[in-house]
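Next come the chains, spelled out residue by residue.
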Amino acid sequence: MARVYNFSAGPSMLPEPVLKKAASEMLDYEGSGQSVMEMSHRSKTFDKIIKDAEALLREVMNIPDNYKVLFLQGGGSTQFAMVALNLMNKNNKADYIITGQWAKKAFKEAQRYGDAKAVASSEDKTFSYIPKTDKSMFRGYADYVYICLNNTIYGTVYHELPDTGDIPLVADISSNILSEPIDVSKFGLLFAGAQKNMAGAGLTVVIIREDLIGNAMDITPTMLNYKTHADADSLFNTPPCYSIYIAKLVLDWIKNEMGGLDKMKELNEKKAKLLYDFLDSSAMFNGTVVAEDRSLMNVPFVTGDADLDAKFVKEATEAGFVNIKGHRSVGGMRASIYNAMPYEGVEKLVEFMKKFEAENK
Ligand SMILES: *Cc1c(COP(=O)(O)O)cnc(C)c1O
């Protein structure tokens, strides 16, 4: 069986050792005679899995004790409403920085529940950069400032966080969680859909400072209240058990095989550099993002000719580099090179791009 190099933005590649381990435990998890997919979420066996997953996440991400970790469902998109319903609760105001489709969707959702204001945007240049902000741009009485830390579609990332003073900073980290260390203490809330860099689809992780829990708007549905899940240790109802188990295996892999997030970052920088250096030297392919805001995880690029782009995508797919077509709003190509993409995968892609360039001069 040949595995392809999968450059999908999500769901995306998982580490092979994780898939093998999950396969070996599929029919009989640790002598329980059951698959994790089949067992009760109230069982002792599953309780250990969810507790281990949380403990590993806390250790790998160095999450301070005054933060809760929640394992939820609904994807990143449900957080767009949950953040507003739970946090826009003192002055009913929140400030948003619009760096792409995901931030824009979050902003639109928040507008349904209160006075959400777009304080900065990079839409004027197809979100190809991170807009500069300073403290004076935020409303001092805003309940939070919202950013999307890594912009999956456009390939930008914040290398420096906006200074929001005492206003809690909320960040969507769906596409860069676990790719490098993040100083959790700088945020009021972080969330991520797991299917990009942590597990399969179905699991959403929320990391929330404890003092921000318990003030949800009255209209908040029980299931969308962080307090519901915080009080029940993420077992208020059936959680996405199997994805939590896969997340545990991935975290174990990061900690014990990759050497933690500092090492993960080193490897991700090495992979991204290889691709960006090639894009900078190529006469055919160009990166679409300003150099200083380039993401380590998502690398969009174009040839400038839609037909040539299509030819490249077709030939790349045939050669085993799959899901490399760019998002429809940017066009061209996008290589998502999450943690599980080996260095060799990027190396082979660059070789293929060089060959394609030589053949299509
Ligand atoms: C994929 C993605 C989302 C949406 O996630 P769903 O789980 O599909 O709702 C939100 N934000 C970012 C940054 C993403 O990459």
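See the structure shown above.
Along each chain, residue indices are assigned from 1 in the same order as the chain's sequence is written. The model is predicted, so local features are restricted to residues of pLDDT at least 70 and side-chain atom pairs to those at 80 or more, both for listing and for counting; the totals for chains, interfaces and linings are taken over all residues. Side-chain calculation: all heavy atoms of the structure are included, whereas hydrogens and water are not.

Asks: Help me understand the sheet that holds strand 12 (residues 298–302), please; the structure alone is not making it clear to me.
Replies: Picture the strands of a sheet paired through backbone hydrogen bonds; they go either parallel or antiparallel. Here we have 3 strands laid out as an open sheet, ordered 11-12-14, and antiparallel in their pairing. Looking at which strands have only one partner, the edges of the open sheet turn out to be strand 11 (286–287) and strand 14 (333–336). Strand pairing is defined by DSSP finding a minimum of two bridges between the two strands. Under the scheme used here, helices are H or I runs from DSSP no shorter than 4 residues and strands are E runs no shorter than 2 residues, and both carry numbers assigned from the N terminus.

Asks: Would you take a moment to explain the site of the ligand for this structure?
Replies: Within the structure, the ligand sits among Gly 75, Gly 76, Ser 77, Phe 80, Trp 102, Cys 148, Asn 150, Thr 152, Asp 172, Ser 174, Gln 195 and Lys 196. In protein, a polar contact requires one atom able to donate a hydrogen and another able to accept it; more generally it is a pair of N or O atoms within 3.5 Å, and residues adjacent in sequence count only if both atoms are side-chain atoms. Here an oxygen atom of the ligand and a side-chain polar atom of Ser 77 are 2.6 Å apart. In the model, a nitrogen atom of the ligand is placed 2.6 Å from a nitrogen or oxygen of the Asp 172 side chain. Look at the ligand: alone it shows 380 Å² of surface, and the protein chains cover 87% of it. Of all the elements, helix 3 (residues 75–87) adds the most residues to the shell around the ligand, at 4 residues. For this classification, Asp, Glu, Lys and Arg are treated as charged, while Ala, Val, Leu, Ile, Met, Phe, Trp, Tyr, Cys and Pro are nonpolar and the rest, including Gly, are polar. Broken down by class, the residue content of the shell around the ligand amounts to 3 nonpolar, 7 polar and 2 charged. We call a residue near a molecule or strand whenever a single non-hydrogen atom of that residue lies within 4 Å of it. The Shrake-Rupley method, run with a 1.4 Å probe sphere, supplies the accessible areas, and residue values consider only the shown protein chains as cover.

Asks: Is there a simple way to think about the packing of aromatic side chains in this case?
Replies: Ring pairs (aromatic) are described by centroid distance and by the angle formed between their planes. Paired rings are identified among Phe, Tyr and Trp, the last through its six-membered ring, by centres lying within 6.5 Å, and are further divided according to the angle between planes into stacked (under 30 degrees), edge-to-face (over 60) and tilted (the rest). Scanning all chains against the criterion turns up 19 aromatic pairs. Taking the centre distance of 5.9 Å and the plane angle of 70° together, the rings of Tyr 96 and Tyr 144 count as edge-to-face. Of this pair, Tyr 96 sits in strand 3 (residues 93–98) while Tyr 144 sits in strand 5 (residues 144–148), and the two are 48 residues apart along the sequence. The exposure class of Tyr 96 is buried, given its relative accessible area of 0%. Three exposure classes are used, based on accessible area relative to the maximum for each residue type with a 1.4 Å probe and protein chains only: buried under 20%, partly exposed in between, and exposed over 50%.

Asks: Would you explain the nonpolar core in this entry?
Replies: Nonpolar side chains tend to gather and get buried jointly when the protein is soluble and globular. Counting 59 residues, the largest nonpolar core has Phe 46, Leu 57, Met 61, Ile 173, Leu 178 and Ile 207 as its most contacted members. For this core, the leading source of residues is helix 6 (residues 241–258), giving 10 residues. Domains are outlined according to an automatic or database domain assignment. Built from parts of two domains, this core gets at least three residues from each of domain 1 (16–257) and domain 2 (260–359). Any two residues having at least one pair of non-hydrogen atoms within 4.5 Å are treated as being in contact. Setting aside residues up to four positions removed in sequence, Phe 46 forms contacts with Val 36, Met 39, Ser 40, His 41, Leu 235, Pro 239, Cys 241 and Ile 244. Put simply, a nonpolar core is a bunch of buried Ala, Val, Leu, Ile, Met, Phe, Trp, Tyr and Cys residues held in one set by side-chain atoms that sit within 4.5 Å of each other. Grouped together as the second largest cluster of nonpolar side chains are 33 residues, Phe 278, Met 284, Ile 324 and Phe 352 included.

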